[in-house]
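The chain contents come next:
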Amino acid sequence: MAIVFSEGELRRYMSEALDKAPLGAILIDRYLEDAVELDVDALADGRDCVVAGIMQHIEEAGVHSGDSCCVLPTTSVADAHLAEIRASVRSIARTLGVVGLVNLQFAIADGRLHVLEVNPRASRTVPYVSKATGVPLAKLATRLMMGSSLASLGLSADLTVDRHYVKAPVFPFIKFPGVDPKLSPEMRSTGEVMGVARDFGTAFYKAQLAAGTRLPSSGTAFITVTERDHGAGVPTARRLASLGFQLVATRGTCAALRAAGLEAEELLKVSEGRPNVVDAIRSGRIQLIVNTPRGESSYRDGWELRTAALQHNVPLITTLPGAAAAVEAIAGMRDRELEIVSLQELDEARIGARADGV
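Keep in mind it's a predicted model, so treat the numbers as computed, not measured. (Residues numbered from 1 in each chain as written. Predicted model: local features only at pLDDT ≥ 70, side-chain atom pairs only at ≥ 80, totals over all residues. Heavy atoms only, no water.)

(A) Looking closely at the sheet that holds strand 6 (residues 164-170). On the basis of which strands lie adjacent, the open sheet formed by 7 strands has the order 5-4-1-2-3-6-7 and antiparallel pairing. Each end of this open sheet is capped by a strand with a single partner; those strands are strand 5 (112-119) and strand 7 (191-197). On average, each strand axis in the sheet is inclined to that of its neighbour by 25 degrees, with strand direction left out of account. Strand direction decides the pairing type here: strand 1 (residues 36-45) and strand 2 (residues 49-57), joined by 7 bridges, are antiparallel. Bridging from a neighbouring strand, Leu43 pairs with Val50 of strand 2. Relative to the sheet, helix 2 (residues 79-96) contacts strand 1, strand 2, strand 4 (99-109) and strand 5, its axis offset from that of strand 2 by approximately 130 degrees. (Pairing = 2+ DSSP bridges. Helix = DSSP H or I, 4+ residues; strand = E, 2+ residues; numbered from the N terminus. Axes fitted to C-alpha atoms, helices over the stretch in contact; angles between N-to-C directions. Contact = heavy atoms within 4.5 Å.)

(B) Molecular detail of the pattern of salt bridges. For the coordinates displayed, the defined rule picks out 9 salt bridges. Here Glu272 ties to Arg251 by a salt bridge, and the two come within 3.3 Å at their closest N and O atoms. Of the two residues, Glu272 is situated in the loop between strand 10 (265-266) and helix 8 (277-282) and Arg251 in helix 7 (residues 251-259); the sequence distance between them amounts to 21 residues. Classification of Glu272 as partly exposed rests on a relative accessible area of 30%. Given the relative accessible area of 46%, Arg251 is considered partly exposed. Put simply, Asp279 and Arg274 hold a salt bridge, and the shortest N to O gap is 2.6 Å. Through salt bridges with shared partners, a single network forms among Arg86, Arg90 and Asp158. (Salt bridge = Lys/Arg side-chain N within 4 Å of Asp/Glu carboxyl O. Buried < 20%, exposed > 50% of the residue type's maximum accessible area, 1.4 Å probe, protein only.)

(C) Broad picture of the sheet that holds strand 12 (residues 316-317). Taken in spatial order, the 5 strands line up as 10-9-8-11-12 in an open sheet, and their pairing is parallel. Strand pairing shows two members of the sheet lacking a second neighbour, strand 10 and strand 12, which therefore form its edges. In the sheet, strand 11 (residues 288-292) pairs with strand 12 via 2 bridges, with the strands oriented parallel. Of the residues in strand 12, the one forming a bridge with Val290 is Ile317. Against the sheet, helix 6 (residues 230-242) contacts strand 8 (220-225), strand 9 (246-249) and strand 11, and its axis sits at roughly 175 degrees relative to strand 8.

(D) Representation of the environment of Glu60 within the structure. By the secondary structure assignment, Glu60 is in the loop between strand 2 and strand 3 (70-72). Among the residues examined, Glu60 registers a relative accessible area of 15% and is labelled buried. Each C-alpha atom of the pair Glu60 and Leu288 lies 20 Å from the other, and the pair is 228 residues apart in sequence.

(E) Molecular detail of unusual backbone geometry. Residue Pro73 is bonded to the preceding Leu72 through a cis peptide linkage, with omega at 0 degrees. The omega torsion of the bond from Arg274 to Pro275 falls at 0 degrees, within 30 degrees of zero and hence cis. Non-glycine residue Asp110 carries a positive phi angle of around 55 degrees. With respect to the helices, strands and loops of the structure, Asp110 is situated in the loop between strand 4 and strand 5. Of note in the backbone geometry, Asn313 takes a positive phi value of approximately 60 degrees without being a glycine. Inspection of the secondary structure puts Asn313 in the loop between helix 9 (295-311) and strand 12.

The values are spatial; any link to function lies outside them.
Set out below in C-alpha cells:
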C-alpha cells in the first residue's frame, strides 16, 4: 500500500506493483487528506446494538490503524459527529444482522463523515476497550452468539469511561538496522501499550513511556516538514518555543517559522553538506524531532535523518497531529508527578461506584 501525491509517483509505484499484484489487480482509491480517523467497537444481538467505545486516532487517516495511537474518549470530535457515528453504527449493525462484536472505521474530512470499513468480528482494539470500560467484550460477544440478548446481559446503554485511555503501538525498528521508521498505510507495529490518566496529555505521555519513548521536557527541537505542512506546523513549533525549547529546522521549514515570528536556527540536510542535522543528532544536540515525510522526494531526503534518530534514541514524530499530542504531553507533565494506578484498582473503583448507585 502507498499514498502518492503526483502522477510521477503513481507511475513509479505502478511499475513495481504490477509485477507483484495477483492477476495484475490493483485497487486505487481517493485519499482523504487531513482527515480524523475513528475506530468503533460495538456489541449487537441482531436487533439492538450497544457502542462499546469510539476511539479517535491521533495520527491522521492514512496511517494504518494498527500503527496509530488512539484515545478513548475522543478529544476533538463534535457532539453532532459523535451522534451521527452512533446512529450509523446501529443502522449498519442492524442491517447486516450482526450478532456479537463489530468494528467500524470512520473518517471525518471537511466536516463530512465517511465510512471506511465495517468488520463483523472482533478487532485488535477489543482488549483495549475492555480494559478501559471494565466490560469483558469478548466474553459477552460469545454469550450473544450463543443466543443471549443484550437486554438479558444487562446492556442497554452505550459504555462510558471515567478517564483518558491512550493506546500506543510498539515498533520493532531498532531490531532492523536501516529500516525507515516512518508511518504509512502498511502496518509495522508488533505490540501495543496503554496509558491511563485523568487528562489526555498525561495519558499520552505514559503510553509513549511504556512504548519506549521518553519525551523530553526541555532542549532543542528539530523541525522539518514538507512544504504543504509549513503553515500547519507553526502552532506546534510556537508551543514548543513557549515551553523553552530551542528551534532548529531545515531551510524551507526555518523560513516558514521565521515568517511566523519565531526564532529558529537553520540546519543543513544531509545532501546539502556538513555539519548537518545527522551530525547534530549524533552529537546529542537534538532532543526531539518532528519530521513529516510525504512523497518520494522527502523519503529520500529524510531516510538518514529518521534512521539516525532511531539509532541514537531521539524521539521521532512523523505526523503533525502526533507532534501536537506530544507537545500537550510535555506541557502536562512539567512539574507534575505521575499517578500510578493499576487496572485492578480501576476495576475496584468501578465496582464500588456501581454498588453505591453512581
